Amino acid sequence: MIKFIQIVVAVLVIVVGGYFIKNTPSAPKIDSSVVQGEGTVINTSIGELLGSADAKRCLVGSNDESGTTNGELFVSSNSLRGDFISSSATQAAVDSHLLIAGDSAYLWSSTSKEGIKFSLDSAKSGEASGIDFSAKKDYECFSWSEDPSKFELPTDTNFSDFAKLLEDAAKK
């Protein structure tokens, strides 16, 4: 059980958390059917985006010696969804996802039908997610017509509560 926790957390932290550590923006492709108006580059943080009153779709990306990561964030009504694709010369493309809704945050990827659920407080502290909610990055953001389906969890992924996994592992 401990090995499972370590593997899942390591993969998710590397793929999703590592993405937010990178600073070099690239130019992801824009699907004009879901955005309205011109994009604006803003230097902000995940925490600030989450607290934004305006619905936004933001594009982010990086390309360096460790590989390429491109993603988009959908922000609406104190909810945030991030979809990312990461690849490198030695690794096939991996999709990873972050959803923050209510008091919970969820991480999952294309490498497994298992995901992790944790409290938003532990996500913001970085202890469960590896994401720095206060780190400022450049995001190219567009106004966006809200789509509630963007904030639904996948039905084919089983989410385990991170705090419970740690508690159970400590008992063994």
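Residues numbered from 1 in each chain as written. Predicted model: local features only at pLDDT ≥ 70, side-chain atom pairs only at ≥ 80, totals over all residues. Heavy atoms only, no water.

Colleague: Sorry if this is basic, but what is going on with the overall build of the protein here?
Modeller: A tally of helices and strands in the protein yields four helices and nine strands. Counting from the amino terminus, the protein carries its helices and strands in the arrangement α-β-α-β-β-β-β-β-β-α-β-β-α. Taking all 172 residues of the protein together, 45% fall into the buried category. Considering only residue pairs separated by 6 or more positions, the protein has 59% of its internal contacts joining residues 24 or more positions apart. Carbon and sulfur atoms make up 51% of the accessible area of the protein, which totals about 9000 Å². (Helix = DSSP H or I, 4+ residues; strand = E, 2+ residues; numbered from the N terminus. Buried < 20%, exposed > 50% of the residue type's maximum accessible area, 1.4 Å probe, protein only. Contact = heavy atoms within 4.5 Å. Areas by Shrake-Rupley, 256 points an atom, 1.4 Å probe, with all protein chains shown as cover.)

Colleague: I keep staring at the packing of aromatic side chains and nothing clicks. Help me out?
Modeller: The description of two aromatic rings rests on the distance between their centres and on the angle between their planes. Evaluated as defined, the whole model comprises four aromatic pairs. Between tyrosine 106 and phenylalanine 159 the ring centres are 5.3 Å apart and the planes differ by 80 degrees, which places this aromatic pair in the edge-to-face class. Of this pair, tyrosine 106 sits in strand β6 (residues 104-109) while phenylalanine 159 sits in strand β9 (residues 158-161), and the two are 53 residues apart along the sequence. Look at tyrosine 106 and you get buried, because its relative accessible area is 12%. Relative to phenylalanine 151, the ring of tryptophan 144 has its centre 6.0 Å away and its plane inclined at 70 degrees; by these criteria the two rings are edge-to-face. Linked through ring pairs, Phe74, Trp144 and Phe151 together constitute an aromatic cluster. (Phe/Tyr/Trp six-rings, centres within 6.5 Å; stacked < 30°, edge-to-face > 60°.)

Colleague: Any chance you could explain the confidence of the model for the protein here in plain terms?
Modeller: Residues shown with low pLDDT carry predicted positions that ought not to be read at fine detail. Here the protein averages 78 in pLDDT, and 74% of its residues register 70 or above. Mean pLDDT per element in the protein: helix α1 (residues 2-21) is the minimum at 41, and β9 is the maximum at 93. This model gives residues 1-36 a pLDDT under 50, and the stretch forms 73 contacts once residues within four places in sequence are excluded. (pLDDT = per-residue confidence, 0-100.)

Colleague: Honestly, the environment of serine 66 in this entry has me stumped. Any pointers?
Modeller: Following the sequence through the fold, serine 66 ends up in the loop between β2 (56-64) and β3 (67-76). For the pair serine 66 and serine 88, spaced 22 residues apart in the sequence, the C-alpha separation amounts to 6.4 Å. Looking at serine 66, its side chain comes within polar contact range of the side chain of aspartate 64, at 2.6 Å. (Polar contact = N/O pair within 3.5 Å; in protein donor to acceptor, adjacent residues only side chain to side chain.)

Colleague: It is not clear to me how unusual backbone geometry should be interpreted in this structure. Could you clarify?
Modeller: Trans peptide bonds make up the majority, and among non-glycine residues the majority have a negative phi. The phi dihedral of serine 77 falls on the positive side, at around 45 degrees, and the residue is not glycine. Considering the arrangement of structural elements, one finds serine 77 in the loop between β3 and β4 (79-88). For serine 77, a relative accessible area of 53% translates into the label exposed. Backbone geometry places asparagine 78, a non-glycine residue, at a positive phi of 60 degrees. With respect to the element layout, asparagine 78 can be found in the loop between β3 and β4.

Colleague: Help me understand the pairing of β3 in this model?
Modeller: The two faces of a sheet get side chains in turn, since along a regular strand they alternate between them. Counting buried positions over the ten residues of β3 gives eight, a clear majority of the element. Where β2 meets β3, nine bridges bridge the pair, whose relative direction is antiparallel. Paired with valine 60 across the strands is glycine 71, a residue of β3. The pairing of β3 with β4 spans nine bridges and is classified as antiparallel. Residue threonine 68 lies in a different strand from β4, and its bridge partner there is serine 87. In textbook terms, the turn of a hairpin is the stretch between consecutive antiparallel strands, and for β3 and β4 this stretch comprises two residues, one of which, serine 77, has a positive phi near 45 degrees. (Pairing = 2+ DSSP bridges.)

Colleague: When you look at the side chain of serine 109 in this model, what are you seeing that I'm missing?
Modeller: Looking at the secondary structure, you find serine 109 in strand β6. A distance of 2.7 Å separates the side chain of serine 109 from the side chain of threonine 111, its partner in a polar contact.

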